[in-house]
Amino acid sequence: AFISAEDKRFFSHGGIDVLGVAQAIFDKIRRPDSKLRGASTITQQVAKSLLATHESYASATERSLTRKVREAFLALQLESVLTKKQILYVYLNQIFLGHKAYGVQAAAEHYFRKNVWELELAEMATLAGLPQRPSDYSPYLRPESARARRRYVLRRMLADSYITQEQHDAANEVTLKV
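To keep things clear, this report deals only with the structure shown in the data block.

Right, let's talk about the pattern of salt bridges for a bit. The final tally for this structure, using the stated rule, is seven salt bridges. The partner of Arg 149 in a salt bridge is Glu 6, with the nearest N and O atoms 3.9 Å apart. Here Arg 149, found in helix H9 (residues 143–159), pairs with Glu 6, found in helix H1 (residues 2–6); they are 143 residues apart in sequence, far enough to count as distant. Note on accessibility: Arg 149 and Glu 6 belong to one class, buried. Of the charged contacts, one joins Lys 84 and Glu 79 as a salt bridge, the two residues approaching to 2.9 Å between their closest N and O atoms. Across the pair, exposure class does not vary: Lys 84 and Glu 79 are buried alike.

Encoded structure:
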């Protein structure tokens with residue numbers, strides 16, 4: 001769910017999604033007044049998190065070309081010393097998912113009172129939709145927004161062949177208990 005929502009080419013890039021970056025630049029050129037969309041990979045998000053722990057938060061999260069280059073360089077280094085599975089493990093265990101929950105286990109407990117391995121598909125997709133904007137997609141605070149984001153994640157999972165049409169349809173019908 002997280003790969004579909006955050007970085008569909010995670011297993012095929014070397015830390016930087018060149019195609020994603022090119023598309024983001026092309027979109028910005030085509031629509032100069034639009035906000036530059038993110039092209040950060042999961043590896044770059046891990047790199048950003050590592051930079052934030054060693055620098056000031058403001059420095060590590062500023063929107064600047066210098067920071068993006070440093071983040072990309074660190075992502076390439078991470079990819080050279082860690083496996084994709086290890087990078088995904090770090091990401092899933094440190095990602096902020098709202099309401100003081102860092103990592104998927106903390107979020108599973110917080111939102112659903114379950115262990116992560118007990119989650120149903122609809123619950124997994126809900127959690128995977130949170131990293132982009134945790135407070136905007138909070139199933140507590142904004143259940144309709146959370147449901148819409150869950151539908152997006154499920155569509156992506158279906159398109160990426162992680163789930164079947166039947167699983168997609170069934171998960172979309174679930175009313176979550178948070």
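Position of Gly 15 among the secondary structure elements: in the loop between H1 and helix H2 (18–30). Taking the C-alpha atoms as reference points, Gly 15 and Gln 45, separated by 30 residues in sequence, lie 9.9 Å from one another. Once residues within four sequence positions are removed from consideration, Gly 15 is found in contact with Thr 41, Thr 43, Gln 44, Ala 75, Glu 79 and Lys 84.

Take the packing of aromatic side chains next. Under the definition given, this model contains five aromatic pairs. Geometrically, the ring pair formed by Phe 2 and Tyr 91 is edge-to-face, given 6.2 Å between the ring centres and 80° between the ring planes. A residue pair is termed long-range when its members are at least 10 positions apart, and Phe 2 in helix H1 and Tyr 91 in helix H6 (residues 84–94) qualify at 89 residues. The pair Phe 2 / Tyr 91 is uniform in exposure class, with both members buried. Measuring from centroid to centroid gives 5.0 Å for Phe 10 and Phe 11, while their planes differ by 75°, and the two rings are edge-to-face. By relative accessible area, Phe 10 is classed as buried at 0%.

Another aspect to go through is unusual backbone geometry. Of note in this structure, His 99 is not a glycine but carries a positive phi near 50°. In this structure, Ser 161 takes a positive phi of about 65° despite not being glycine. Tracing the chain through its elements places Ser 161 in the loop between H9 and helix H10 (165–173). Residue classification places Ser 161 among the exposed positions, given a relative accessible area of 62%.

Conventions adopted
Residues numbered from 1 in each chain as written. Predicted model: local features only at pLDDT ≥ 70, side-chain atom pairs only at ≥ 80, totals over all residues. Heavy atoms only, no water. Salt bridge = Lys/Arg side-chain N within 4 Å of Asp/Glu carboxyl O. Helix = DSSP H or I, 4+ residues; strand = E, 2+ residues; numbered from the N terminus. Buried < 20%, exposed > 50% of the residue type's maximum accessible area, 1.4 Å probe, protein only. Contact = heavy atoms within 4.5 Å. Phe/Tyr/Trp six-rings, centres within 6.5 Å; stacked < 30°, edge-to-face > 60°.

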